[in-house]
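The chain contents come next:
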Amino acid sequence: MTSAKDIMKMMADNEVKFVDLRFTDTRGKEQHVSVPTKAFVEDKFTDGHAFDGSSIAGWKSIEASDMLLMPDPGTARMDPFREENTLVLTCDVIEPSTGKGYERDPRSLAKRAEAYLKSSGLGDTAYFGPEPEFFIFDSVTWSVDMSGSFVKIKSEEAPWSSGIEYDGGNLAHRAPVKGGYFPVPPTDSLQDIRSEVCLLLEQQGVDVEVHHHEVAAAGQNEIGTKFAPLVKRADWMQILKYTIWNVAASYGKTATFMPKPIVGDNGSGMHVHQSVWKDGQNLFVGNGYAGLSDFALYYIGGIIKHARALNAITNPGTNSYKRLVPGFEAPINLAYSARNRSAACRIPYVSNPKGRRVEVRFPDPTTNPYLAFAAMLMAGLDGVQNKIHPGDPVDKNLYDLEPEEAAKVPTVCHSLDQALGILDKEREFLTRGGVFTNDVIDAYIGLKMEEVTRFRMTTHPVEFDMYFGS
């Protein structure tokens, strides 16, 4: 285990000039403050670093704003993007009056979820393996004001760019709509960017397993990284996003994890593989359907039962529901199946039973990973504790079901406000063991309803098409 003394030595060995203290807010955005090396002493690991919590959306009021950042020595890494040698430390947010993790701090909440798993006696480790998809564009411009609104995406890879004259000529190699999976360069023009991201992730301690272009023609990508325990894997997710954003910027491009930035092509999801272990044994391994145990089936039952409440956390934006639309290849059907990618819960084929897991397919990469992984674990554990069986698997293509058959399969939410309403009513499974508190959930719903209200009040260009068009 890395100690404070190890970090001080690391700083000296790497001639560190600044220590960057990072934490994650409720929306899942990383925040930071930089401390010059001369002001960063070993006591920071016991006393913390003070900051103003009232400036973080959804957190403290101004009369009780003092908070502490407590660096985790095990997260230390060098920032590969800064000109001055900068050491990054991920922090927990501490409530000074109690010395405990702030209840609205996502990382502290994720730690409570891990502690709850152990205290339940059901398991001791929950492994997560997210697969976030993302877009890389050449440029994005937009405006929303009283005079109107617009958004414009520029992408040399995009099918709509075939008629544009570029300096040096139009190279013409580009995939058709929904044809981005898996052409070689030059059609896949982002190979080198992804490779650089992968090397920098490895440099920062994140194990990479694969990278490739995704289905959407205009710059959709995926970088697959290894599974890890809940909190560590959420930390890695934040490192991955930071690295992708900065590498894209270094190439003069912009990256986004927005689920549905392009109309008419695939959106970006984040399939999340998960399993629960105890004493070194995978509790999902059994002799049931697809090699699953009763434990795993009950876990799936919990995910399916609470999926619509989970949507408020795993699909946290108004744009999330542009992806989760019936009639398209979106994981909206709350069913499970082996190898069937049209089911919301899929059991992937594995050659080694130790790799047995469930893949939850409806989340998207705008989610806060600390909150999402914790919420899914709590839903799954509720299924185990209450023996919620998910029913029979659906091994046929869910998109081709007859209407009367399709009507029997429950679906995810169709909007963020619907999901928030269900979360409000069905929150009890999240509050066990004080993992999510009512205060956390109320604050989260309030923050997200601000986004819903702004979206509801903003006139949309499609409405002009309906009123002024044919």
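Residues numbered from 1 in each chain as written. Predicted model: local features only at pLDDT ≥ 70, side-chain atom pairs only at ≥ 80, totals over all residues. Heavy atoms only, no water.

A. How the structure looks around the layout of surface pockets. Size it by volume and the largest pocket reaches roughly 2,200 Å³. Lining the largest pocket are 46 residues, with M258, K260, T318, N319 and F455 positioned closest to its centre. Those elements that provide at least two residues to the lining of the largest pocket are β9 (139-145), β10 (148-154), α5 (230-250), β14 (254-256), α13 (438-457) and α14 (461-468). A breakdown of the residues in the lining of the largest pocket according to their chemical character gives 22 nonpolar, 14 polar and 10 charged. A volume near 1,300 Å³ is recorded for the second largest pocket. Residue lining of the second largest pocket: 49 residues in total, with E131, E133, H271, R341 and R361 positioned closest to the centre. Contributing elements (two or more residues each) for the lining of the second largest pocket: β8 (125-137), β11 (208-213), β12 (220-225), β15 (270-278) and α8 (320-323). Per-element accounting of the lining of the second largest pocket gives the leading share, 6 residues, to β8. Considering only residue class, the lining of the second largest pocket consists of 14 nonpolar, 16 polar and 19 charged. (1 Å grid on protein atoms, 1.4 Å probe; cavity = no way out; pocket = protein on both sides within 12 Å on 5 of 7 lines; lining within 4 Å. Points joined across faces, edges and corners; volume = space filled by probe spheres on them. Helix = DSSP H or I, 4+ residues; strand = E, 2+ residues; numbered from the N terminus. Nonpolar A, V, L, I, M, F, W, Y, C, P; charged D, E, K, R; others polar.)

B. The arrangement of empty space enclosed by the protein in detail. Scanning all chains against the criterion turns up 3 cavities of 30 Å³ or more. Lining the largest cavity, in full, are T26, G58, R104, P106, I313, L371, L423, F436, V440, I441, A443 and Y444. The greatest single-element share of the lining of the largest cavity, amounting to 4 residues, is contributed by α13. A breakdown of the residues in the lining of the largest cavity according to their chemical character gives 9 nonpolar, 2 polar and 1 charged.

C. Up close: helix α1 (residues 4-13). Where α1 is concerned, the buried positions are A4, I7 and M11. Seen from one end, α1 has its buried residues packed into an arc of 55°, which puts them on one side. Relative to its buried face, α1 has exposed residues pointing more than 90 degrees away, namely K5, K9, A12 and D13. Where α1 is buried, its residues contact β1 (18-24), α2 (44-47) and β6 (86-95). E15 sits one or two positions beyond α1 and adopts a positive phi of about 50°. (Buried < 20%, exposed > 50% of the residue type's maximum accessible area, 1.4 Å probe, protein only. Arc of directions from axis to C-beta. Contact = heavy atoms within 4.5 Å.)

D. Representation of the packing of α5 against helix α9 (residues 369-385). Across the interface, α5 lies against α9 with an axial gap of 9 Å and an inter-helix angle of 145°. Along this stretch, α5 crosses α9, giving a crossing that reads as right-handed. Here α5 contributes L230, V231, R233, A234, D235, M237 and Q238 to the contact with α9, which in turn contributes P369, Y370, F373, A374 and L377. For the contact of α5 with α9, the class distribution of residues is 9 nonpolar, 1 polar and 2 charged. (Axes fitted to C-alpha atoms, helices over the stretch in contact; angles between N-to-C directions. Left-handed = near helix turned anticlockwise from the far one by under 90°.)

E. Structural view of unusual backbone geometry. Between Y181 and the following residue, F182, the backbone shows a cis peptide bond with an omega angle of 5°. Within the fold, F182 resides in the loop between β10 and α4 (191-203). Each neighbour pair has its own omega, and for P185 with P186 the value is 10°, a cis peptide bond. Within the secondary structure, P186 sits in the loop between β10 and α4. You will see that E15, though not glycine, has its phi angle at about 50°, which is positive. Inspection of the secondary structure puts E15 in the loop between α1 and β1. Note on E15: relative accessible area 55%, which makes it exposed. Phi is positive for A290, which is not a glycine, with a value near 55°. Mapped onto the elements, A290 comes out in the loop between β16 (281-282) and α6 (294-305).

F. Inspection of the environment of M449 at higher detail. Positionally, M449 belongs in helix α13. Between the C-alpha atoms of M449 and P390, which are 59 residues apart in sequence, the distance is 31 Å. Contacts of M449, omitting those with residues within four sequence positions, involve D417, L420 and R456.

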